[in-house]
Amino acid sequence: MEKFLFEGTQWFSAEFTALLKHTYLVMPNWKWIILIGGIVAGFALRPIVQWCFKQLKTHNPIAKKFVKSFTAYFFRFEIERPLAWIFIIILWFAIDDAIEVTGKFETYYEYILKGMLGFHVIRLVYYSVDALGFVFADVAAKTESKMDDNLVPFATKTMKALVVILGFLLILQSFGLNVMSLMAGLGLGGLALALAAQDTAANLFGSVTILIDNPFQLGDWVKVKDMEGTVEEIGFRSTRIRTFYNSVITIPNAMMAKETIDNMGVRPFRRVRQIIGIAYETPPDKIKEFCDRVRYAIRQESVVVPDTVTVNFNGYADSQLNVLVQFHLQVYTGPEEMEKQQAIFIEILKIAAELKVDFAYPTQTVYYRGGGESDQQQLQQTSVQPM
């Protein structure tokens, strides 16, 4: 570059040439001018280059034709930004090579460029792993097994973590650091680190246990101790459960691996059991008719397992006659279960109103014996309280 500018054809006057060749700090002025000009030009060109990459991404025919391909998923991310930076950084490397920056400044300059280049390359690889995870998730959704549906998100998160860690180590290696020596040096504090990370390791092994043993799947309704809800996510450290009051409970996987899990989502049938209390004044014939009508109505529901329907007068309580209503529903979600149960209970209310069968309220009969009188006076008082 120097021979091209100052030898052969005389581009500049002798005075200006001397000024350009004058060394300021560690480099001649002409190198500073080209270097700073290249950096400024790079920042100015980056939005234009980014726009060009965005147009190529938007009008890519492969992504439009194959909407569930790796390319389509990859192009959903903002890849034009890291691609534009990579292009500009390569341009800055070319300028560095052309003007032959020397000394410690060259070392620091290249370190900065290598760090920026490594960061944006890691970003692209990170997006690639995410896109690959979407592709595998689509494949897993087509299989009958649910284990791969849980395994794909876990494997994707593992790969993304490895990309970040290995990328960071490679950047350190590019800075001239001996990564292997550094990791060997960290072995001196390995015991303290292991003690500090024992909970993290326990949760990680708990995650592996959950994925292998497969006690529940995404979307299952589970009960763990006094916690209940739908499994929303199985992560490295914890499992997230969406409760029925719409909050999210985060349970460490170490706890999930050793606790008793009641998986309500794998039930082929869901039992509904209810005790209906009717008034003592109800005649026996009407009790029998009420039970027969309710039994028949429940069996007409398409989701009810007919052989499991039980509707019988089965006991005397303090203030009511107990009628046991029990049946099983062949449904697969909590909202569907609640909807069908509500429809059946409303039908029972309609039958009771039609037959004029009264539901009992808690009642109490109190007898009073008058004092000082020869004959005993009894007063019967009945108090009624709504349930």
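Since this is a predicted model, take the numbers as computed values, not measurements.

Attention now goes to the confidence of the model for the chain. For the chain, the average pLDDT comes to 80, and 79% of its residues sit at 70 or higher. Per-residue pLDDT stays below 50 along residues 374-387; that stretch engages in 31 contacts with residues further than four places along the chain or on separate chains.

Let us now look at the sheet that holds strand β10 (residues 321-329). What the three strands build is an open sheet, ordered β8-β10-β9; its pairing is antiparallel. Strand pairing shows two members of the sheet lacking a second neighbour, β8 (270-278) and β9 (310-316), which therefore form its edges. Adjacent strand axes in the sheet meet at a mean angle of 25°, parallel and antiparallel pairs treated alike. By the bridge criterion, nine bridges tie β8 to β10 in an arrangement that is antiparallel. Residue pairing for β10: R271 is matched across the bridge by H328. Seen against the sheet, helix α14 (residues 334-355) touches β8 and β10 and runs at an angle of roughly 25° to β8.

For the rest of this paragraph, the subject is the pairing of strand β3 (residues 221-224). In the sheet, β3 pairs with strand β4 (residues 227-234) via four bridges, with the strands oriented antiparallel. Paired with V224 across the bridge in β4 is M227. Here β3 folds back onto β4, and the loop between the two strands holds two residues, one of which, K225, carries a positive phi near 55°. Where β3 and strand β7 (residues 261-263) come together, three bridges link them in antiparallel fashion. Within the sheet, the bridge partner assigned to V222 lies in β7 and is N263.

Now for the packing of aromatic side chains. Scanning all chains against the criterion turns up nine aromatic pairs. Pairing F74 with F75 gives two aromatic rings, centres 6.2 Å apart and planes at 40°, and the pair type is tilted. Of the residues examined, F74 reaches a relative accessible area of 14% and is grouped as buried. Both rings, one in F313 and one in Y316, keep their centres 5.3 Å apart while their planes meet at 85°; by these two values the pair is edge-to-face. Overall, F313 belongs to the partly exposed group, its relative accessible area being 32%. Ring pairing ties together the aromatic residues F43, W85 and W92, which thus form one cluster.

Further remarks concern a nonpolar patch on the surface. Together, L45, I48 and L91 give the surface a local cluster of nonpolar side chains, amounting to about 230 Å² of exposed area. By the element assignment, I48 lies in helix α3 (residues 29-58). By relative accessible area, which is 49% here, I48 ends up partly exposed.

Calculation criteria
- Residues numbered from 1 in each chain as written.
- Predicted model: local features only at pLDDT ≥ 70, side-chain atom pairs only at ≥ 80, totals over all residues.
- Heavy atoms only, no water.
- pLDDT = per-residue confidence, 0-100.
- Contact = heavy atoms within 4.5 Å.
- Pairing = 2+ DSSP bridges.
- Helix = DSSP H or I, 4+ residues; strand = E, 2+ residues; numbered from the N terminus.
- Axes fitted to C-alpha atoms, helices over the stretch in contact; angles between N-to-C directions.
- Phe/Tyr/Trp six-rings, centres within 6.5 Å; stacked < 30°, edge-to-face > 60°.
- Buried < 20%, exposed > 50% of the residue type's maximum accessible area, 1.4 Å probe, protein only.
- Patch = residues over 30% accessible without salt bridge, like charges linked within 9 Å, V, L, I, M, F, W, Y side chains within 5 Å.
- Areas by Shrake-Rupley, 256 points an atom, 1.4 Å probe, with all protein chains shown as cover.
- Salt bridge = Lys/Arg side-chain N within 4 Å of Asp/Glu carboxyl O.

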